[in-house]
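# Report on the structure
So the chains spell out like this:
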Amino acid sequence: MELSGSYLSAVQLNMTWPDTHVLWEFKNKFPFLSLIIPINRKAIIRNSLSSTLKKAESYKEVADTFLFDLSEGRGIPLSVEGTREFLQTFSVLKEKERICLAIEGGLCAASL
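In this text the structure is predicted, and so the values were computed from the model without any measurement.

Under the criterion given, the structure shown has 3 salt bridges. Ionic pairing is found between Lys 60 and Glu 97, a salt bridge with its closest N-O pair at 3.7 Å. Of this pair, Lys 60 sits in the loop between α2 (49-57) and β3 (65-68) while Glu 97 sits in helix α3 (residues 80-97), and the two are 37 residues apart along the sequence. Note on Lys 60: relative accessible area 33%, which makes it partly exposed.

Turning our eyes to something else, we now look at the nonpolar core. The biggest cluster of nonpolar side chains holds 25 residues, and the ones touching the most others in it are Trp 17, Ile 39, Phe 66, Phe 86 and Phe 90. Going through the elements one at a time, α1 (20-29), β2 (34-39), α2, β3 and α3 are the ones with two or more residues in this core. Dropping the residues within four chain positions of it, Phe 90 is found in contact with Ile 39, Leu 49, Thr 52, Leu 53, Ala 56, Phe 66 and Leu 101.

The next subject is the side chain of Lys 27. Note on placement: Lys 27 falls in helix α1. On the basis of relative accessible area, Lys 27 is assigned to the buried category, the value being 13%. Excluding residues that lie within four positions of it along the chain, Lys 27 makes contacts with Leu 33, Leu 35, Val 62 and Asp 64.

With parallel pairing, 4 strands are arranged side by side in an open sheet as β1-β2-β3-β4. Looking at strand neighbours, the two that pair on one side only are β1 (10-12) and β4 (100-103), the edges of this open sheet. Each neighbouring strand pair of the sheet contributes to a mean axis angle of 25°, computed without reference to strand direction. Bridging between β1 and β2 involves 3 bridges; their strand directions are parallel. Opposite Ala 10, over in β2, you have Ser 34 as the bridge partner. The strands that α3 touches are β2, β3 and β4; relative to β4, the one it contacts most, it runs at about 165°.

Applying the stated rule across the entire model yields 6 aromatic pairs. Centroid distance Trp 17 to Tyr 59: 5.2 Å. Interplanar angle 45°. Geometry classified as tilted. Taken together, the residues Trp 17 in the loop between β1 and α1 and Tyr 59 in the loop between α2 and β3 connect sequence positions 42 residues apart. Take Trp 17 and Tyr 59: they sit in the same class, and that class is buried. Residues Phe 30 and Phe 32 carry aromatic rings whose centres are separated by 6.2 Å and whose planes lie at 90° to one another, so their mutual orientation is edge-to-face. Given a relative accessible area of 10%, Phe 30 falls into the buried group. Judged by relative accessible area, which is 49%, Phe 32 ranks as partly exposed. Through pairs of rings, three or more aromatic residues link up here, namely Phe 66, Phe 68, Phe 86 and Phe 90.

Criteria and cut-off values
- Residues numbered from 1 in each chain as written.
- Predicted model: local features only at pLDDT ≥ 70, side-chain atom pairs only at ≥ 80, totals over all residues.
- Heavy atoms only, no water.
- Salt bridge = Lys/Arg side-chain N within 4 Å of Asp/Glu carboxyl O.
- Helix = DSSP H or I, 4+ residues; strand = E, 2+ residues; numbered from the N terminus.
- Buried < 20%, exposed > 50% of the residue type's maximum accessible area, 1.4 Å probe, protein only.
- Core = buried A, V, L, I, M, F, W, Y, C linked by side-chain atoms within 4.5 Å.
- Contact = heavy atoms within 4.5 Å.
- Pairing = 2+ DSSP bridges.
- Axes fitted to C-alpha atoms, helices over the stretch in contact; angles between N-to-C directions.
- Phe/Tyr/Trp six-rings, centres within 6.5 Å; stacked < 30°, edge-to-face > 60°.

Okay, here's the thing in structure tokens:
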């Protein structure tokens, strides 16, 4: 992080549900960096976004953004309905906790 100086503003953690204690240590050391937590296929609990939201709520003090990415770098087209469901389910974090919601992967004209 020292190499990036003031140029870096966010870090995406490509891990499934990292330890929140480690994230707190990171945030204390680098308070100017936003933490992006991906919600990928491995992160979805019991195939349920509402169960996944409950897990995500335990990250509300350390996460700045939840990134919905079922494509995981494989170029799979974005599911419009699945993305809508994610945004609707997680909107409570955006509204109450001021956590950003983002989408990634498989974007194309048909999915926009």
